[in-house]
Structure formats: structure tokens, C-alpha cells
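Okay, here's what each chain looks like letter by letter:
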Amino acid sequence: MPLSLATKPTKTDSGLVGPGSSVENKTGSWRTFTPKYDEEACNNCLMCWFYCPDAAIKRLEPPKKVGFDMDYCKGCGICEEVCPADAIEMVR
Ligand code: SF4
Ligand code: SF4
């Protein structure tokens, strides 16, 4: 990408690129695997929230713990890897 395009959101044939473009680009369309969440097993440690590269995991008001935004979850499985309580399983 030319450096000049990196300073503002710019429409291209491949979609919006540049700063702020991540809100418009719904990475959930990339997903093959989906996180299946077990709220009973979750200890609310927030490791998944911290590590999710797409900020697709949201902190919820108690007594709920975390929620997944499927518009942006691209199914990478990092949340499953870092969860110490085995509360997340990636399913096809
Ligand atoms: S699968 Fe990846 S993108 Fe989806 S919630 Fe987990 S860490 Fe985030
Ligand atoms: S990493 Fe696992 S235990 Fe921690 S908040 Fe996320 S789902 Fe819950």
C-alpha cells in the first residue's frame, strides 16, 4: 500500500484500508471455526478478552462474564488456547 493511503481510511477494490477500517471490515466472514463458550466453566479471568486479536470478546455486566461478537470473531482459536478453565472449544 502506498504510504499516503496509510494515513486515512481509503476505499480500495479489496475493501476499506487504513486507520479506522477495522470497524467496517467484518472479519467474522473469514471464520471456519467458532468458539463454543461454557459460561459455567468460565472463571472470568479475562485472558481471552486480553488476547483476542479482533477485540471480539466483550466484558459483560455481572452475573454474565464474557460474550463473543461474531461480526468480528475470525475463528483463530487464540481464546481457546489461552483459556485456563477450558471454557472455550473451537467447533466447525
Ligand atoms: S476465535 Fe480468535 S477472533 Fe474469535 S473470539 Fe477467539 S481469539 Fe477472538
Ligand atoms: S479465558 Fe476462559 S475462563 Fe477466562 S474469561 Fe475467557 S472464557 Fe472465561
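Worth saying up front: this structure is predicted, and the values here are computed from it rather than measured.

K.L.:
Sorry, what's going on with the site of ligand 2 here?
P.N.:
Around ligand 2, a shell composed of 13 residues is seen, among which Cys 42, Asn 43, Cys 45, Cys 48 and Cys 83 lie nearest. Its residues assigned to classes, the shell around ligand 2 shows 11 nonpolar, 2 polar and no charged.

K.L.:
Hey, could you run me through the site of ligand 1 in this one?
P.N.:
As a matter of local geometry, ligand 1 sits amid 13 residues, with Cys 52, Cys 73, Cys 76, Gly 77 and Cys 79 nearest to it. In the shell around ligand 1, the residues fall into 9 nonpolar, 2 polar and 2 charged.

K.L.:
Any chance you could explain the pattern of salt bridges here in plain terms?
P.N.:
Pairs may arise between side chains of opposite charge once their charged atoms sit close together. Enumeration according to the criterion identifies 2 salt bridges in this entry. Between Lys 26 and Asp 71 there is a salt bridge, with the nearest N and O atoms lying 3.9 Å from each other. Remark: Asp 71 occurs in the loop between strand 5 (66-68) and helix 2 (78-82) and Lys 26 occurs in the loop between strand 2 (15-17) and strand 3 (34-37); sequence separation between them is 45 residues. The class for Lys 26 is partly exposed, based on a relative accessible area of 42%. A relative accessible area of 40% means that Asp 71 is categorised as partly exposed. For Asp 54, the salt bridge goes to Lys 74, with nearest N and O atoms at 3.4 Å. Of this pair, Asp 54 sits in the loop between helix 1 (47-51) and strand 4 (57-59) while Lys 74 sits in the loop between strand 5 and helix 2; the two residues are 20 residues apart in sequence, bridging distant segments of the chain. Lys 74 gets classed as partly exposed once you look at its relative accessible area, which sits at 26%.

K.L.:
Help me out: how do you make sense of the layout of surface pockets in this one?
P.N.:
Remark: the empty space left among the atoms is shown by a probe the size of a water molecule rolled over them. The computed volume of the largest pocket comes to approximately 200 Å³. Taken together, Ser 22, Val 23, Asn 25, Thr 27, Trp 30, Pro 53, Asp 54, Ala 55, Lys 58, Asp 69 and Tyr 72 make up the lining of the largest pocket. Among the residues making up the lining of the largest pocket, the classes are represented as 5 nonpolar, 3 polar and 3 charged.

Definitions and limits used
Residues numbered from 1 in each chain as written. Chains lettered and ligands numbered in written order. Predicted model: local features only at pLDDT ≥ 70, side-chain atom pairs only at ≥ 80, totals over all residues. Heavy atoms only, no water. Near = heavy atom within 4 Å. Nonpolar A, V, L, I, M, F, W, Y, C, P; charged D, E, K, R; others polar. Salt bridge = Lys/Arg side-chain N within 4 Å of Asp/Glu carboxyl O. Helix = DSSP H or I, 4+ residues; strand = E, 2+ residues; numbered from the N terminus. Buried < 20%, exposed > 50% of the residue type's maximum accessible area, 1.4 Å probe, protein only. 1 Å grid on protein atoms, 1.4 Å probe; cavity = no way out; pocket = protein on both sides within 12 Å on 5 of 7 lines; lining within 4 Å. Points joined across faces, edges and corners; volume = space filled by probe spheres on them.

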